[in-house]
Amino acid sequence: MTTAAPRPVPLSLSLGRAPRVRTAGSGDAAALAELSRPFARSGALRERPDSLYAARAAEFLVAVGSDGGIEGCVGLRVYEGEGAHAGVLYNFCVAGHRQGRGVGGALLRTALALGRTQALGALFTATTGDGRLFRRYGFAPVTARQAPGAWAESLDPRRNALILSRTP
């Protein structure tokens with residue numbers, strides 16, 4: 001499968017008391033890297049170079065707090081080819097002080113809405129955790145063979161990640 005260039009969609013949603021979620025811009029790259037770093041150190045996320053956040057900023061949704069700081073993020077990469085048009089959610093993380101307060105749910109709801117606007121046939125993700133949040137939003141375990149090939153091949157088998165999917 002080949003990856004398609006992300007189609008930037010101007011997003012800015014306010015969901016009640018949930019944070020505002022918007023598409024990241026190139027100016028958010030340093031904050032994305034900083035937010036992700038503790039999760040990579042703990043093993044919850046794969047280590048990614050800071051340059052990746054700059055190169056792929058348009059693929060990220062960010063949750064912005066009342067102070068303007070980034071409180072969470074998730075990347076959405078689109079894969080096309082082999083008769084499929086699918087998305088992969090990656091680098092999903094929420095700042096420790098905002099966990100359990102709806103930030104992850106707001107990001108996930110927005111990613112699902114974005115998947116629908118892009119007419120994706122499926123959304124995939126991989127997690128080293130139990131996937132509880134994803135399961136609450138209708139994701140179910142699948143095999144790597146069901147996922148976009150290029151992405152599935154990039155997964156590190158030593159991480160023993162759970163692969164989940166759902167239709168947007």
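Above: the structure in question.
Rules behind the numbers
- All chains use their own residue numbering, which begins from 1 and follows the written sequence.
- Thresholds applied to this predicted model are a pLDDT of at least 70 for local features of residues and 80 or more for the giving and counting of side-chain atom pairs; totals over whole chains, interfaces and linings are not thresholded and use all residues.
- Heavy atoms throughout the structure, all of them, feed into the side-chain values; hydrogens and water do not.
- Any carboxyl oxygen of Asp or Glu that lies within 4 Å of a side-chain nitrogen of Lys or Arg is treated as forming a salt bridge with it.
- Put simply, DSSP H or I for four residues or longer makes a helix, DSSP E for two residues or longer makes a strand, and each gets a number counted from the N terminus.
- Burial classes: relative accessible area under 20% of the type maximum marks a residue as buried, over 50% as exposed, and values in between as partly exposed (1.4 Å probe, protein chains only).
- Each pair of strands is called paired provided DSSP finds at least two bridges between the two strands.
- Cysteine sulfurs are considered disulfide-paired once they come within 2.5 Å of each other.
- Multiplying 1.5 Å by the helix residue count minus one yields the expected span of that helix.
- Across the chain, bend at a residue is computed as the angle between axes fitted to the seven residues ending at that point and the seven starting from it.

Visitor: Before we go on, may I ask you to explain the pattern of salt bridges in this structure?
Guide: Pairing is possible between side chains of opposite charge, provided their charged atoms come close. Under the definition given, this model contains seven salt bridges. Its salt-bridge partner being R37, residue E34 comes within 2.6 Å of it at the nearest N-O pair. Highlighted residues: E34 and R37, both in helix 1 (residues 29-42), separated by three residues, approximately one helical turn. Overall, the relative accessible area of 26% leaves R37 in the partly exposed class. The structure contains a network of salt bridges with shared partners spanning E34, R37 and D50.

Visitor: How do you make sense of the pairing of strand 9 (residues 162-166) when you look at a structure like this?
Guide: The side chains of a regular strand alternate, residue by residue, between the two faces of the sheet. Bridge count between strand 7 (residues 122-127) and strand 9: five bridges; the pairing is antiparallel. Directly across from F124, in strand 9, lies its bridge partner S165. Bridge count for strand 8 (residues 140-141) against strand 9 is two bridges, and the pairing is antiparallel. Within strand 9, the position partnered with P141 by the bridge is L164.

Visitor: Whenever I open this one, the state of the cysteines confuses me. Can you help?
Guide: Simply put, the disulfide is a covalent bond whose two ends are the sulfur atoms of two cysteines. Counted under the stated rule, the structure contains zero disulfides. This cysteine, C73, is not joined by any disulfide, and C93 carries the nearest cysteine sulfur, 3.6 Å off. On the basis of relative accessible area, C73 is assigned to the buried category, the value being 0%. The exposure class of C93 is buried, given its relative accessible area of 3%.

Visitor: Explain helix 1 to me, please; I cannot follow it from the model alone.
Guide: Because the α-helix completes a turn every 3.6 residues, residues three or four places apart line up on one side. For helix 1, with 14 residues, the first-to-last C-alpha span of 21 Å sits near the 20 Å given by 1.5 Å per residue. Maximum bend of helix 1: about 35°, positioned at S36, with proline P38 one to four residues after it. Buried residues of helix 1: A29, L32, A33, L35, S36, F39 and A40, and no others. Remark: G43 follows helix 1 within two positions and exhibits a positive phi of approximately 95°.

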